[in-house]
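# Results of the structural survey
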Amino acid sequence: MSSNDSSSPRRNRGDVLTTVTYKPYPTVQALGRAPLHGPSIEQHVVFILGVGPGLGLAIAQIFAKQGYTVAIASRNKQRLDGWAKELDQEIRSARKALNVAVNDSSPQSVAFACDVLSPEAIRKTFQDIANTWPNKRVGTAIFNASIRKRGPFLEQRPEQLQDSIQASITGGFTFMQAAVASMTKNNEGRGGSILVTGATSSIRGREGFAAFAASKGGLRQICQSVAREYGPQHIHVAHIIVDGLIDSQQARDFLGLQKGQRFGNDAVLRPEEMAKAWLFLASQNESTWTFEMDMRPAREHF
Ligand SMILES: NC(=O)c1ccc[n+]([C@@H]2O[C@H](COP(=O)([O-])OP(=O)(O)OC[C@H]3O[C@@H](n4cnc5c(N)ncnc54)[C@H](OP(=O)(O)O)[C@@H]3O)[C@@H](O)[C@H]2O)c1
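Residues numbered from 1 in each chain as written. Predicted model: local features only at pLDDT ≥ 70, side-chain atom pairs only at ≥ 80, totals over all residues. Heavy atoms only, no water.

A separate point is helix α2 (residues 77-98). A rise of 1.5 Å per residue sets the reference length of α2, with its 22 residues, at 32 Å; its end C-alpha atoms lie 30 Å apart and thus fit the reference within 8%. Every buried residue of α2 is accounted for by Leu-80, Trp-83, Ala-84, Leu-87, Asp-88, Ile-91, Arg-92, Ala-94 and Arg-95. Just past α2, the residue Asn-99 takes up positive phi, approximately 65°. (Helix = DSSP H or I, 4+ residues; strand = E, 2+ residues; numbered from the N terminus. Expected span 1.5 Å × (residues − 1). Buried < 20%, exposed > 50% of the residue type's maximum accessible area, 1.4 Å probe, protein only.)

See the structure below:
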């Protein structure tokens, strides 16, 4: 039976338009008030892989300010431990304001050492999170790590391509597999969100970026595939195309900015402003899911 066949349930979305008993919808609310999609705040862990001082940390902070338990991971555990302590305090204050109980004996934010080049390490980190909070589960999984080695095409070595692919494609694939497995396990709760950081290279190759573009493009296709397969099981996959330079000390040093100078507001992406989009995507109601969002500063060429 083809999907054009008039008897096909797909023809008039007969397979989609299921019905439930009518209850009025809530009225329009201010942004940031909706709970995250997935388990309730008491049972929800937001997990971010690839946390440095830029976007990764800003994303962790925005979810902490909403009172959600946050797990952060990258290679430098010592640096992460300091941030986890600060996030813990942030989460406790937010919960107090929201009147949500906090279990004082368990930390609300924990750092994990994880190298995205190792699929075993990624799977182990999910297991470590489950062991740390046995009564919670990952409800929002954020993949932010990547390896970008640019250079003239003829000078790019196969190992550079291999690293980019291993980080974004194998790493992203493993991360999403582990996230989906934990979100569908025992049919607990109602799915969750998987948010994946992309770049201009996710949709456009350019000079010097062959390896990175191949890996980011592949990651985007994995996101599309998982979104289509697991949307019906209440898992929201969203891919965010970061189309511009993210403000950071590293970028300021690289571009030769003097002490006391910064980039204009319209020239670079600011992590604390970007993070609002991750919160927005994770709180979308399942009636209205975004698969892809792109963002750039006002002056960016595109
Ligand atoms: N920066 C930009 O201008 C820009 C532009 C477009 C898109 N993006 C995308 O934005 C994301 C990163 O945001 P950001 O640049 O602001 O960085 P960030 O969130 O400040 O830090 C990302 C962190 O990823 C970690 N990481 C690197 N390699 C890793 C590995 N092998 N395993 C585990 N973690 C690793 C690093 O921490 P450790 O050293 O502790 O491992 C790094 O600090 C990436 O997906 C990138 O492709 C960035």
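For the rest of this paragraph, the subject is the sheet that holds strand β7 (residues 292-295). Pairing within the open sheet is parallel, and its seven strands lie in the order β3-β2-β1-β4-β5-β6-β7. Either end of the sheet is taken by a strand with one partner, and the two such strands are β3 (109-113) and β7. Strand after strand, the sheet turns through a mean of 20° between neighbouring axes, direction not considered. Sheet topology note: the strand β6 (residues 235-242)/β7 ladder contains four bridges and is parallel. In the strand pairing of β7, Ile-241 is matched with Asp-294. Its contacts with the sheet put α2 on β2 (69-74) and β3, and the angle it makes with β3 is roughly 160°. (Pairing = 2+ DSSP bridges. Axes fitted to C-alpha atoms, helices over the stretch in contact; angles between N-to-C directions. Contact = heavy atoms within 4.5 Å.)

Attention now goes to the nonpolar core. Side chains of a nonpolar character, in soluble globular proteins, are inclined to be buried together. Membership of the largest hydrophobic core comes to 38 residues, with the highest contact counts inside it found for Ile-48, Phe-63, Val-70, Ile-72 and Trp-278. Looking at this core, the elements that each hand over two or more residues are β1 (44-49), α1 (55-65), β2, α2, β6, α7 (271-282) and β7. Ranked by residue count, the leading element in this core is α1, at eight residues. The residues touching Trp-278, leaving out its near neighbours within four places in the chain, are Leu-55, Ile-59, Phe-63, Ile-142, Leu-195, Thr-197, Ile-240, Val-242 and Met-295. Grouped together as the second largest cluster of nonpolar side chains are 35 residues, Cys-114, Phe-126, Ile-129 and Met-176 included. (Core = buried A, V, L, I, M, F, W, Y, C linked by side-chain atoms within 4.5 Å.)

Let us now look at the packing of α1 against α7. Between α1 and α7, the shortest axis-to-axis distance is 8 Å and the interhelical angle comes to 55°. When the interaxial angle is binned, α1 and α7 end up oblique. Relative to α7, the crossing made by α1 is right-handed. Here Leu-55, Ala-58, Ile-59, Ile-62 and Phe-63 of α1 lie close against α7, whose contacting residues are Pro-271, Glu-272, Met-274, Ala-275, Lys-276, Trp-278, Leu-279 and Ala-282. Looking at the contact of α1 with α7 residue by residue, the class counts come to eleven nonpolar, no polar and two charged. (Parallel < 35°, antiparallel > 145°, perpendicular 65-115°, else oblique. Left-handed = near helix turned anticlockwise from the far one by under 90°. Nonpolar A, V, L, I, M, F, W, Y, C, P; charged D, E, K, R; others polar.)

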